Amino acid sequence: MDNRAEVREFLMTRRARVSPEAAGMPAGPNRRVAGLRRSEAAMLAGVSVEYYAKLERGAIAGASASVLDAVSRALQLDDTERAHLLDLARAADGIPTSGRPRRRTSKPGPPRASLEWALAAITDGIAVVRNPRQEIVAVNELGRAFYSPVIGDGGRTPNLARFQFLDPAAHDFYPDWELFARMCVGIMRAEAGRDPHDKGLQDLVGELSTQSETFRTLWAAHDVRTHGAGTKRFVHPVVGELTLAYEELVLTAEPGNVMLIYTAEPGSPSSERLRLLSSWAATQPVEQS
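Quantities reported herein were computed from a predicted structural model and do not represent experimental measurements. (Residues numbered from 1 in each chain as written. Predicted model: local features only at pLDDT ≥ 70, side-chain atom pairs only at ≥ 80, totals over all residues. Heavy atoms only, no water.)

S.K.: Explain the packing of aromatic side chains to me, please; I cannot follow it from the model alone.
M.R.: To describe a pair of aromatic rings, one takes the distance between the centres and the angle between the planes. Evaluated as defined, the whole model comprises 17 aromatic pairs. Pairing Phe173 with Tyr174 gives two aromatic rings, centres 5.1 Å apart and planes at 45 degrees, and the pair type is tilted. Neither Phe173 nor Tyr174 differs from the other in exposure class; each is buried. The structure contains a cluster of three or more aromatic residues connected by ring pairs, namely Phe146, Tyr147, Phe163, Phe173, Tyr174, Phe180, Phe234, Tyr246 and Tyr262. Its end group placed over the ring of Trp219, Arg189 keeps NZ or CZ at 3.9 Å from the ring centre. Here the basic side chain of Lys232 rests over the ring of Phe180, its NZ or CZ set 5.1 Å away from the ring centre. (Phe/Tyr/Trp six-rings, centres within 6.5 Å; stacked < 30°, edge-to-face > 60°. Buried < 20%, exposed > 50% of the residue type's maximum accessible area, 1.4 Å probe, protein only. Lys NZ or Arg CZ within 6 Å of the ring centre and 35° of its normal.)

S.K.: Looking at this structure, I do not really get helix 13 (residues 213–220). What am I missing?
M.R.: Since there are 3.6 residues in each turn of an α-helix, residues three or four apart along the chain are aligned in direction. Along helix 13, the residues that are buried comprise Phe215, Leu218 and Trp219. For helix 13, the angular spread of the buried residues around the axis is 100 degrees, confining them to a single face. The exposed residues of helix 13 that point more than 90 degrees off its buried face are Glu213 and Thr217. As for helix 13, its buried residues are in contact with helix 9 (160–166), helix 11 (177–194) and helix 12 (199–211). Where helix 13 terminates, the next one or two residues include His222, which has phi positive at roughly 60 degrees. (Helix = DSSP H or I, 4+ residues; strand = E, 2+ residues; numbered from the N terminus. Arc of directions from axis to C-beta. Contact = heavy atoms within 4.5 Å.)

S.K.: It is not clear to me how the side chain of Glu56 should be interpreted in this structure. Could you clarify?
M.R.: One can find Glu56 in helix 3 (residues 49–56). A polar atom in the side chain of Glu56 sits 2.9 Å from the side chain of Arg38. In this view, Glu56 contacts Arg8, Leu11, Met12, Arg15 and Arg38; residues no more than four positions away in its chain are not counted. (Polar contact = N/O pair within 3.5 Å; in protein donor to acceptor, adjacent residues only side chain to side chain.)

S.K.: Explain the nonpolar core here, please?
M.R.: Core analysis: the largest hydrophobic core is formed by 42 residues, its most contacted members being Phe146, Tyr147, Phe165, Tyr174, Met188 and Leu244. The biggest single contributor to this core is helix 11, with seven residues. Excluding its chain neighbours within four sequence positions, the residues that come into contact with Tyr174 are Leu160, Phe163, Gln164, Phe180 and Phe234. Grouped together as the second largest cluster of nonpolar side chains are 26 residues, Met25, Val71, Ala74 and Leu86 included. (Core = buried A, V, L, I, M, F, W, Y, C linked by side-chain atoms within 4.5 Å.)

S.K.: For this particular structure, what's the right way to read the pairing of strand 4 (residues 240–250)?
M.R.: Side chains on a regular strand alternate between the two faces of the sheet. Here strand 3 (residues 229–236) pairs with strand 4 via eight bridges, running antiparallel. Of the residues in strand 4, the one forming a bridge with Ala229 is Glu247. Once strand 3 ends, the chain turns through three residues before running back antiparallel as strand 4. In this structure, strand 4 lies alongside strand 5 (residues 258–263), joined through six bridges in antiparallel fashion. Across the sheet, the residue bridging to Glu247 is Ile261, located in strand 5. (Pairing = 2+ DSSP bridges.)

S.K.: Explain unusual backbone geometry to me, please; I cannot follow it from the model alone.
M.R.: Most peptide bonds take the trans form, and the phi angle of most residues other than glycine is negative. With a phi angle near 55 degrees, Gln76 is a residue other than glycine that sits in the positive phi range. Secondary-structure assignment places Gln76 in the loop between helix 4 (65–74) and helix 5 (79–93). On the basis of relative accessible area, Gln76 is assigned to the partly exposed category, the value being 41%. Backbone geometry places His222, a non-glycine residue, at a positive phi of 60 degrees. Relative to the elements of secondary structure, His222 occurs in the loop between helix 13 and strand 3.

S.K.: Looking at this structure, I do not really get the pattern of salt bridges. What am I missing?
M.R.: Pairs can form between side chains of opposite charge whenever their charged atoms are close. On inspection of all chains with the given rule, the structure shows 18 salt bridges. Of the charged contacts in the structure, one is a salt bridge between Asp198 and Arg133, with a shortest N-O distance of 3.0 Å. On the criterion of sequence distance, the pair formed by Asp198 in the loop between helix 11 and helix 12 and Arg133 in the loop between strand 1 (126–130) and strand 2 (136–139) is long-range, its members being 65 residues apart. For Asp198, a relative accessible area of 2% translates into the label buried. In this structure, Asp203 and Lys199 form a salt bridge, with 3.0 Å as the shortest nitrogen-oxygen distance. (Salt bridge = Lys/Arg side-chain N within 4 Å of Asp/Glu carboxyl O.)

S.K.: In this structure, what is going on with the sheet that holds strand 5? I would like to understand it.
M.R.: Sheet strands pair by backbone hydrogen bonding; their relative direction is either parallel or antiparallel. Judged by pairing direction, the sheet is antiparallel, and its five strands sit side by side in the order 2-1-5-4-3 without closing on themselves. Only two strands of the sheet have a single neighbouring strand rather than two, namely strand 2 and strand 3. The mean inter-strand angle of the sheet, taken between neighbouring strand axes irrespective of direction, is 30 degrees. The pairing of strand 1 with strand 2 spans three bridges and is antiparallel. Considered in strand 2, the bridge of Arg130 is made with Ile136. Helix-sheet contacts for helix 11 involve strand 1, strand 3 and strand 4, and the interaxial angle to strand 3 is about 130 degrees. Helix 14 (residues 269–282) contacts strand 1, strand 3 and strand 4 of the sheet and is inclined by roughly 85 degrees relative to strand 4. (Axes fitted to C-alpha atoms, helices over the stretch in contact; angles between N-to-C directions.)

Interpretation note: all reported values are geometric properties and have no functional meaning in isolation.
So this is what it looks like as structure tokens:
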């Protein structure tokens, strides 16, 4: 896999982010680069300047785990960034990073019956399954009501990234829109590193890069992130503002797909509004698939 441009940009942006002071080195006069010099990064990693320059040109194939670990420490990569660097190295070596088969662009098929049963069993929280292309592939009843601005009237596979960057309604649904935008792109960057052969993800990146200047800028930053757990704010058109905690669960039966479960703190105003949304959802007509 020729991903030298990805490797080059990732390492350069990470090096530019680390100041000499943060690395415990004297800054010295007449610095003409942001962050560390290549020679300083090489010294911190314990490799020659020539070898580090080779890595930063994107020639990462064959780099040992110990060298990648040393570079990660020198550039002060966090766990997600270190994993991304390892993914890029495995891709350069032609080694699958996740056991996923190479994907062709195709519309997601219907979810497994057992997955739908599991989602339906979650009645007090929002449960949604998305794939690496940011497509919503399955959702429970409360989740369908919650994500109604994203899902729309049907007839298409709803996509969280397209909604984020191309639909003006996203600015109302996500009061912290800029934060959500960075999160979305960071997750997509990490996915692209894990599975560089996903044509659907490549096409989505191309589409968003063409139509959204914000997406282009964020994509060029090469920041990566994982979702995991946390808290988010939303403004739903039916019940108003909600502050929800989320947990992300990996679906081992479908590598690459994850389930997100959103819940409200018991007794909070958001919990009451979530109950109101559940009552509203129960009155809505059920779509026939």
